[in-house]
Amino acid sequence: MVCVRNLYSYFILLVVNVLLIEGQSVLTTLKKDIKDGRVPMRGVNIGGWLVAERWMTSTSPAWNGVPDTIANLGEYKTMQYIGHAKGDMQFKQHRDAYITEQDFRDIAAAKMNTVRIPVGYWITGFDNHPGGDPNGWKVYAPGAINYLDRAIREWAPKYNLLVLISLHAAKGSQNGNDHSSPADPGKSHWSSYPENVQNTLDAVEWLAKRYSTSDVAFLGIGLLNEPSGTTNEGVLKQYYYDAYGRIRLFSDCLLTVSPLLYQQGPYSSDWASFMPPPQFHGIRHEWHRYQIWGYEGWSKDRLISYAQNELRNDISEWKGNWLFIGEWSIASSASFNDDDLRLYAQAQINAFKGATGGWTYWTWKFYNDDGSINAWSMKAMVNRGFIQL
């Protein structure tokens, strides 16, 4: 009887090991195919999780006891207001409840192959460069790195998903918006002070070292999310060169570079000739193409036509590093019926077929949005059949 039990246990262990090896093989092949341009990223952002944004998580415990005027400014001002005594637990509750293993299971079931996870510079737990606010990282609720570890090392490989980390919130803020968690809301100081840039270089290098050597689900890093027009373009480009130089010493992970927010077109500045192959490899040029801000008052027909024509042409005319649409959405100010919304989604997806790097939708879901009809929520749009892959 003991022998039978031992054989059964051995058999179960063998099956588990075989499945793990097969899963690693699938992800290794997928990663290589994406890097080589044979397979595009088809994915979704895990927005509002490790860089909290109140507009999409308003019912989360993270904001308990925080006035809207403070919460709307992002994590830094929120934690500064409530302090660690309350804030640490509230943000832990937020991170625990908002995204779980079930979400990764559902993302895989929706035929995605990639998740893009925004993080802030404070996730590293250090700042080696005095100046500005060298203790700013200490304001945030600790422990975000534990959730990123779980996503990359447990959940993503279990469901054959790759993870692209996005450095969403840099020290000093690169755009002043809530999703960059600014200490000085509305202002972007990132490129004005060398210590900010050096901190960001340390952060992306640290993240790449943490995951590059042994974590099969780690795809790469978006080096900086949505730098605004107030960011110095020369400083930004030098940062990309320096980040590439540091990371390529030990890793060939995918790296995405983003132009300034107003440079999201095929002929903006000289980005099409920036960091060209073969001198540079594993680079994606990242655009965020939303038809929302600046498109107020557009009819549904005009938006659909725009996706079918102008958007598609902009992508097809791009001549630089392979294009990656890091964020997009079917949310808009227009009134769509179900058939037209489905058509609008498909028009954008068809346009993005010209982007060799693929795309990731913004965002997977809102906090507690089961049954939602919110077009920002990919989960809701997939469940209702508006986004079909």
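Residues numbered from 1 in each chain as written. Predicted model: local features only at pLDDT ≥ 70, side-chain atom pairs only at ≥ 80, totals over all residues. Heavy atoms only, no water.

An unreviewed UniProt entry lists the chain under the name glucan 1,3-beta-glucosidase, from Rotaria magnacalcarata. Per UniProt, the comment on the chain under Catalytic activity (unreviewed entry) is "Successive hydrolysis of beta-D-glucose units from the non-reducing ends of (1->3)-beta-D-glucans, releasing alpha-glucose." Annotation of the chain in UniProt includes, under Function (unreviewed entry), the sentence "Glucosidase involved in the degradation of cellulosic biomass. Active on lichenan." (UniProt positions renumbered as here; feature names shortened; annotations may be inferred.)

*Asks:* What exactly am I supposed to notice about the overall build of the chain here?
*Replies:* What the chain contains, in helices and strands, is 10 helices and eight strands. Its C-alpha atoms give the chain a radius of gyration of 21 Å, near enough to 21 Å, the size a compact globule of 389 residues would have. Over its C-alpha atoms, taken along the principal directions, the chain stretches across nearly 75 × 50 × 50 Å. Long-range pairs, those at least 24 residues apart, make up 76% of the contacts in the chain with a sequence separation of at least 6. Here the chain displays about 16300 Å² of accessible surface, and carbon together with sulfur accounts for 53% of that area. When the 36 basic and 38 acidic side-chain charges of the chain are each reduced to a single mean position, those positions are 4 Å apart. (Helix = DSSP H or I, 4+ residues; strand = E, 2+ residues; numbered from the N terminus. Rg over C-alpha atoms; globule rule 2.2 N^0.38 Å. Contact = heavy atoms within 4.5 Å. Areas by Shrake-Rupley, 256 points an atom, 1.4 Å probe, with all protein chains shown as cover. Lys, Arg positive; Asp, Glu negative; His and termini not counted. Charge placed at Lys NZ, Arg CZ, Asp CG, Glu CD.)

*Asks:* Could you clarify how one ought to interpret the UniProt feature "domain: Glycoside hydrolase family" (unreviewed entry) in the chain in this entry?
*Replies:* If you check UniProt for "domain: Glycoside hydrolase family" (unreviewed entry), the listed places come out as residues 97-366 in our numbering. As annotated, residues 97-366 comprises 34% helix and 14% strand, and the C-alpha atoms at either end are separated by 12 Å.

*Asks:* When you look at the packing of helix α8 (residues 300-317) against helix α9 (residues 338-352) in this model, what are you seeing that I'm missing?
*Replies:* A pair of packed helices is captured by two measures, namely the crossing angle of their axes and the spacing between those axes. Look at α8 against α9: their axes get within 8 Å of each other, and the N-to-C directions meet at 5 degrees. Between α8 and α9, the interaxial angle falls into the category roughly parallel. Touching Lys300, Leu303, Ile304, Ala307, Gln308, Leu311, Arg312 and Ile315 of α8 are Asp340, Leu343, Tyr344, Ala347, Gln348, Ala351 and Phe352, all from α9. Here the residues of the contact of α8 with α9 sort into 10 nonpolar, two polar and three charged. (Axes fitted to C-alpha atoms, helices over the stretch in contact; angles between N-to-C directions. Parallel < 35°, antiparallel > 145°, perpendicular 65-115°, else oblique. Nonpolar A, V, L, I, M, F, W, Y, C, P; charged D, E, K, R; others polar.)

*Asks:* What's the story with the nonpolar core in this structure? I'm lost.
*Replies:* Where a protein is soluble and globular, its nonpolar side chains tend to be buried together. The biggest cluster of nonpolar side chains holds 105 residues, and the ones touching the most others in it are Ile117 and Leu148. By residue number, the principal contributor to this core is helix α5 (residues 144-158), which donates eight residues. Among the nonpolar cores identified, the runner-up in size contains 16 residues, and Ala52, Val66, Tyr121 and Ala169 belong to it. (Core = buried A, V, L, I, M, F, W, Y, C linked by side-chain atoms within 4.5 Å. Buried < 20%, exposed > 50% of the residue type's maximum accessible area, 1.4 Å probe, protein only.)

*Asks:* Help me out: how do you make sense of the confidence of the model for the chain in this one?
*Replies:* Any residue range with low pLDDT should be treated as having predicted coordinates unsuitable for detailed reading. Considering every residue of the chain, the mean pLDDT works out to 94; 94% of them sit at 70 or more. For the stretch residues 11-20, pLDDT sits under 50, and the model shows zero contacts to residues farther than four places along the chain or on other chains. (pLDDT = per-residue confidence, 0-100.)

*Asks:* Is there a simple way to think about the packing of helix α6 (residues 194-212) against helix α7 (residues 233-247) in this case?
*Replies:* As a packed pair, α6 and α7 sit with axes 10 Å apart at the nearest point and diverge in direction by 30 degrees. α6 and α7 meet at a crossing whose hand is right-handed. Packed against α6, whose contacting residues are Val197, Gln198, Thr200, Leu201, Asp202, Val204, Glu205 and Ala208, the element α7 presents Val235, Tyr239, Asp242, Ala243, Arg246 and Ile247 at the interface. Classifying every residue of the contact of α6 with α7 by side-chain character gives eight nonpolar, two polar and four charged. (Left-handed = near helix turned anticlockwise from the far one by under 90°.)

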